Amino acid sequence: MSWISCWRRGPILEPAGCVKCLAVASAIRRRRELASNWDTRQCIAVMSLMRKSWCHICMHEIETQLLVVGGGVGGVMAAVTAARRGIRVTLTETTDWLGGVLTAQGVPPDEHFWIEQFGSTATYRDYRNSVREYYRRHYPLTDAASRRRAFNPGGAKVSDLCHEPRVTVAVLENLVAPLRGSGQLRLLMEHEPVAAETDGDRITAVTVRSRRTGASTTISAEWVIDASETGEVLPLAGVEYVTGTEARAETGEPHAAEVADPLNMQPVSVCFVLDHQPEEDHTIDRPEGYGLYKADRTVDWPNGQLSLTAPHPKTRKPVQHQFWPNPDDDPTAIRPDYADQRVGSMDRNLWTFRRIAARANFRPGAYPSDLTLVNWPQIDYWGGPVFDHPDADAHVRAARELSRSFLYWLQTEAPRPDGGTGWPGLRLRGDVLGDADDGLAKTPYIRESRRIRAEHTIVEQELSLAVRGAAGAVSYPDSVGVGMYRIDLHPSTGGDPYIDIGCCPFELPLGALVPIRVENLLPGAKNIGTTHITNGAYRMPLMEWNIGEVTGHLIAFCAQHKATPRQVRADEELLADFLREIEEAGVERHWPRIAGY
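Notes on the structure follow. (Residues numbered from 1 in each chain as written. Predicted model: local features only at pLDDT ≥ 70, side-chain atom pairs only at ≥ 80, totals over all residues. Heavy atoms only, no water.)

## Regarding unusual backbone geometry
Worth spelling out the cut-off: In this description a helix means any DSSP run of H or I spanning at least four residues, a strand means any run of E spanning at least two, and both kinds are numbered starting from the N terminus. Accessible area is worked out with a 1.4 Å probe on protein chains only. A residue is then buried under 20% of its type maximum, exposed over 50%, and partly exposed in between.
Residues other than glycine seldom take positive phi values, yet glutamate 190 does so here, at roughly 55°. For glutamate 190, the position within the fold is in the loop between strand E3 (185–189) and strand E4 (191–199). With a phi angle near 50°, lysine 562 is a residue other than glycine that sits in the positive phi range. The exposed category is assigned to lysine 562, whose relative accessible area is 77%.

As structure tokens, this is what we get:
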């Protein structure tokens, strides 16, 4: 709806909030579309009192073929893939960084044993190569590090590619740059979805609001991909979705809860980066909630979260971790432990767990200290959900308070190998994560999203190692990707402890991307048709990238064939053509089967 038609609907009582009120009102007056008694000074007067409101007479409008909401890895790949195939795309992102979990949330990519050889889309392999090439071109690497084919900047335990988030930001910006320049892709940063319009089983428009100015933009689109971190379009558009735990009677899953609880979700974590300056004191002010977190004891945490003792995800027995900054280690000797089985001393040092810059990889003096990314069990916040809950914002603040409390404990009370306590030289490196006011990641690490009610819901029995055994995970005729990660559930907001389930290398069925009713919406991130249990395996960035890329292909295919995603899946000929297209584009649909010949 245009601003002129908005005005024609009737009088506007509070035309406030947008700094363009005066300009737009003047433009309307010139077109003689404004009542003669309208006083444009009213806009300015009301604005001064109501800056957080907005004036629908000043709302911007955009028309596009595809709207992608959310600029995480799934959203970026959906937008890039569709735009490369000739679709006009508008991409919105809530923060000022593209990349989501890998950047604004600060989490290096968790992957799998075979990632250097197979088990991803071709574009994801290109991304990994681009990260390494960025380091070779722009960072002062040692000759040995630069020559290493599988160079790992952090030399960390959890990933073969632990690196600084800004590098992924740069790589993704390079991906979208030519598409933005050509006009094929429009990007609205720091815009969050606030409303949606529907017509029957279709979404016709989504309204986003600028977090900088408060101005609103309504985007009319033929297709919508919700690639937001928590599935934010789903409730706005009335799309059927699930949150939290399903009941065992519904899913038949061995580890499902007896009773469904939509508020029982995986915890969030607010990550942060540290270096260590041993001759300096960088102790932060004692957080207000420090005493509460210090005194708290919960199941499986005998010393509370502000300690180096944490439960093992598999056994739930206490594990005494170690901590010492800047060990004199060989970063090439610490490979990822995807099965979480090793017990060596370096594996127990939390400093190297998610280290994103090992100083030994750089020329002498370039990095006086390593950089370590703190995403450890001690900062998992399970106090309550951060969406679909009346206190969601308060829980986000509490999660940030927990992270700062753990940092303060490390600086003041953590045991040292020399018998002392505290590491005051630990320096919070907020600059590495984008300079949030409190020095932490821009946004919490979201492990679990709203999930669409899909034509096919992936359940535990389809990929559990204990259930499937040597048969492997279910192979889907409509598979559109592959992934591998243990079913990894952290202590939940409903009080559940760790649930860690062995997993077979699995596939991604197209049916999990098709909503049960809405015709022109696809999920583009963690909001696919999984359960609370199986989300624990499908939630990784590698899978999110695959999901986004495939949805971008699917929208372009549907536009070309004048079909809906549901029709593509239901029609054998259309489905075969689509699957052939994505295979030719480098999407691995099945895991390789090796046999003699």
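## As for the packing of aromatic side chains
Centre distance and the angle of the planes are the two values used to describe a pair of aromatic rings. Here is the rule: Paired rings are identified among Phe, Tyr and Trp, the last through its six-membered ring, by centres lying within 6.5 Å, and are further divided according to the angle between planes into stacked (under 30 degrees), edge-to-face (over 60) and tilted (the rest).
A complete count under the given rule lists 21 aromatic pairs for this structure. Plain terms: the ring middles of phenylalanine 118 and tryptophan 591 are 6.2 Å apart, the flat faces sit at 80° to each other, and that makes the pair edge-to-face. Linking phenylalanine 118 in the loop between strand E2 (89–93) and helix H5 (122–138) with tryptophan 591 in the segment after helix H17 (572–584), this pair joins segments that are 473 residues apart in sequence. In this structure tryptophan 591 comes out as buried when scored by relative accessible area, which is 14%.

## Some thoughts on the environment of valine 233
Selection criterion: In this analysis, two residues are considered to be in contact whenever any of their non-hydrogen atoms come within 4.5 Å of each other.
The topology assignment puts valine 233 in helix H8 (residues 233–236). Contact partners of valine 233, with chain neighbours within four places excluded, come to Val69, Ile203, Asp226 and Ser228.

## With respect to H17
The condition that has to hold: Any helix carries an expected span of 1.5 Å times its number of residues minus one. Identification of polar contacts relies on pairs of N or O atoms within 3.5 Å, with a donor-acceptor requirement for protein atoms, meaning one able to donate a hydrogen and the other able to accept it, and with residues adjacent in sequence counted only if both atoms are side-chain atoms.
The end-to-end C-alpha separation of H17 is 18 Å, in line with the 18 Å expected for 13 residues at 1.5 Å each. The secondary structure elements touched by the buried residues of H17 are strand E17 (479–483), helix H15 (541–561) and helix H16 (565–570). Between the side-chain oxygen of the N-cap and the backbone nitrogen of glutamate 573 there are 3.0 Å, and the N-cap of H17 in question is aspartate 571. Immediately downstream of H17, the backbone of glycine 586 shows phi near 100°, a positive value.

## Digging into the side chain of serine 405
Inspection of the secondary structure assignment puts serine 405 in helix H12 (residues 392–412). A residue is classified by how much of its surface remains accessible, and serine 405, at 0% relative accessible area, is buried. Once residues lying within four places of it in the same chain are set aside, the contact partners of serine 405 are Pro287, Gly289, Tyr290, Tyr293 and Leu306.

## Notes on the nonpolar core
The condition is simple: By nonpolar core we mean a set of buried residues, namely Ala, Val, Leu, Ile, Met, Phe, Trp, Tyr and Cys, connected to one another through side-chain atoms within 4.5 Å.
By size, the foremost hydrophobic cluster in this structure holds 95 residues, and its most contacted members are Leu66, Val68, Val89, Leu463, Val480, Tyr538 and Phe578. By residue number, the principal contributor to this core is H15, which donates ten residues. For valine 89, the residues in contact, after removing those within four places along its chain, are Thr64, Leu66, Val68, Ala79, Ala82, Ala83, Gln184, Leu185 and Arg186. Judged by nonpolar contacts, the second largest core, of 36 residues, contains Met265, Phe323, Val374 and Ala399.

## Comments concerning helix H7 (residues 165–182)
Cut-off, in case you're wondering: The seven residues ending at a residue and the seven starting there each receive a fitted axis; the angle between those axes is the bend at that residue.
Here H7 spans 27 Å end to end across 18 residues, near enough to the 26 Å set by a 1.5 Å rise per residue. Residue valine 176 marks the point of greatest curvature in H7, where the axis turns by about 35°; the proline proline 178 follows within four residues. Restricting attention to buried positions, one finds in H7 the residues Pro165, Val167, Thr168, Val169, Ala170, Val171, Leu172, Val176 and Leu179. For H7, the secondary structure elements touched by its buried residues are helix H4 (73–84), H5, E3, strand E12 (355–357) and H15. Within two residues after H7, glycine 183 carries a phi angle of roughly 90°, on the positive side.

This is a description of form; function is not addressed.
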